[in-house]
Amino acid sequence: MNILLLTLVLAFIWATITGTFGLLNLLLGAAVGFAALFILRAYLAPPRALRQIRRLLSLMGLFLYQLLLSAVRVAAIVVRPNMRETLRPAIIAVPLDVKSNAEITLLANLITLTPGTLSTVISEDKSKLFVHVITLESREALIADIKDGFEKKVIEVFSNDG
Amino acid sequence: MIVIIQYLAAALILVGSIFALLASIGVLRLPDLYTRMHAASKAGAVGAGFILIAIALLSNDIPIILRALAGFFFLLLTTPVSAHLLAQASWRAGYKPAASTVINDLDAEIQSHS
């Protein structure tokens, strides 16, 4: 995606949020968007292939489904009369294969919004993510779940081989 | 058709409010901040999200629909960040997880740092 297209998208989002689609407002949005892009130009990712967009969409689909599931599950836990016996909270260190800040951010956010898990702390060398689990089954199962599920998908979205 | 959309939106508002209610019950009942963030971030986000989608369905106004959907998107984008920051800040501040916590790998981390 080049800067021009991104500016147009940002102008559109600006018009969406401010609620008026007049020419002046769109121009203002484009100006603000371009200023933001100018500040962030060093961090903008290189162009993405169409396949990566498809991977991103599949990741979003998986994510929305998991989010609904997690809300239902946590809701089911808190209405139980014997809630405290059901809980098995634990903080587990999950070794990370993803390296870049963007990948770690995406993965941590996905973990937080999926069933039973919450990202807490990232170790200073970015090699481990400490995940809080509300009902722990086993450490190995949790780590395997994250590595085979979301981490794999995140790597797919960000890899440039496609 | 309009009636169907209205019933759908009403159902979404109802389900969304129930999720929001359960999220607040969770915040009250769960033992520590880390477990509470589970309830607040997941059930809370889904509850508010359902209500925003209902607003998008009910209003026949394109800017309002777009803003409701943008709100939904930004809600999903920002909720996990604030939950993560709260959890990280409370750990940094020395807030210990509840005694019922079975495994705490962070304890080992603290020892290796000091």
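Cut-offs used in this document
- Residues numbered from 1 in each chain as written.
- Chains lettered and ligands numbered in written order.
- Predicted model: local features only at pLDDT ≥ 70, side-chain atom pairs only at ≥ 80, totals over all residues.
- UniProt positions renumbered as here; feature names shortened; annotations may be inferred.
- Helix = DSSP H or I, 4+ residues; strand = E, 2+ residues; numbered from the N terminus.
- Pairing = 2+ DSSP bridges.
- Axes fitted to C-alpha atoms, helices over the stretch in contact; angles between N-to-C directions.
- Contact = placed C-beta atoms within 7 Å.
- Domains from an automatic or database assignment.
- Parallel < 35°, antiparallel > 145°, perpendicular 65-115°, else oblique.
- Left-handed = near helix turned anticlockwise from the far one by under 90°.
- Nonpolar A, V, L, I, M, F, W, Y, C, P; charged D, E, K, R; others polar.
- Buried ≥ 20, exposed ≤ 12 C-beta atoms within 10 Å, placed from the backbone.

As annotated in an unreviewed UniProt entry, chain B carries the name Na+/H+ antiporter subunit G and is attributed to Devosia nitrariae.

In the annotation of an unreviewed UniProt entry, chain A is listed under the name Na+/H+ antiporter subunit E and assigned to Devosia nitrariae. Per UniProt, the comment on chain A under Subcellular location (unreviewed entry) is "Cell membrane". Of chain A, the UniProt comment under Sequence similarities (unreviewed entry) reads exactly: "Belongs to the CPA3 antiporters (TC 2.A.63) subunit E family."

This paragraph deals with the UniProt feature "transmembrane region" (unreviewed entry) in chain B. All names here are of chain B. The UniProt feature table records "transmembrane region" (unreviewed entry) at residues 6-28, 40-58 and 64-87. Split by type, residues 40-58 is 100% helix and 0% strand. Its first and last C-alpha atoms lie 26 Å apart. Secondary structure content for residues 64-87 is 100% helix and 0% strand, while the C-alpha to C-alpha distance between its ends is 34 Å.

Once that is clear, we can look at the sheet that holds strand 3 (residues 128-133) of chain A. The antiparallel open sheet is built from three strands, whose spatial order is 1-3-2 (chain A). Where the open sheet ends on each side, the last strands, each with one partner, are strand 1 (90-95) and strand 2 (117-122) of chain A. Here the average twist between neighbouring strands, direction ignored, is 35°. Bridge analysis of strand 2 of chain A against strand 3 of chain A gives five bridges, and the strand direction is antiparallel. In the strand pairing of strand 3 of chain A, A:Ile122 is matched with A:Leu129. On top of the sheet, helix 3 (residues 62-92) of chain B reaches strand 2 and strand 3 of chain A; it is set at about 50° to strand 2 of chain A, its chief contact.

With that settled, the discussion passes to the domain arrangement of chain A. How big an interface is tends to be reported as the loss of accessible area on association of its parts. The domain architecture assigned to chain A consists of domain 1 (3-43) and domain 2 (50-158). Taken over C-alpha atoms, the centre of domain 1 of chain A sits 33 Å from the centre of domain 2 of chain A.

All names here are of chain A. Their axes nearest at 10 Å, the elements helix 5 (residues 101-112) and helix 6 (residues 139-158) cross at an angle of 140°. When the axes of helix 5 and helix 6 are compared, the pair comes out oblique. Every pair of crossing elements has a handedness; the one defined by helix 5 and helix 6 is right-handed. Two secondary-structure elements touch here, helix 5 through Glu103, Leu106, Leu107, Leu110 and Ile111 and helix 6 through Ile146, Phe150, Glu151, Val154 and Phe158. In terms of residue class, the contact of helix 5 with helix 6 is built from eight nonpolar, no polar and two charged.

On to the pairing of strand 3 of chain A. Both faces of the sheet carry side chains from a regular strand, because those side chains alternate between them. Taken across its six residues, strand 3 of chain A has five buried, putting it largely inside the fold. Linking two consecutive strands that pair antiparallel, namely strand 2 of chain A and strand 3 of chain A, is a turn of five residues; a positive phi of about 60° is found at A:Lys126 within it.

Tracing the chain through its elements places B:His38 in helix 2 (residues 33-58). Along the sequence, B:His38 and B:Lys96 sit 58 residues apart, while their C-alpha atoms lie 16 Å from each other. Beyond its immediate chain neighbours, meaning those up to four positions away, B:His38 contacts A:Val74, A:Leu118 and A:Ile134.

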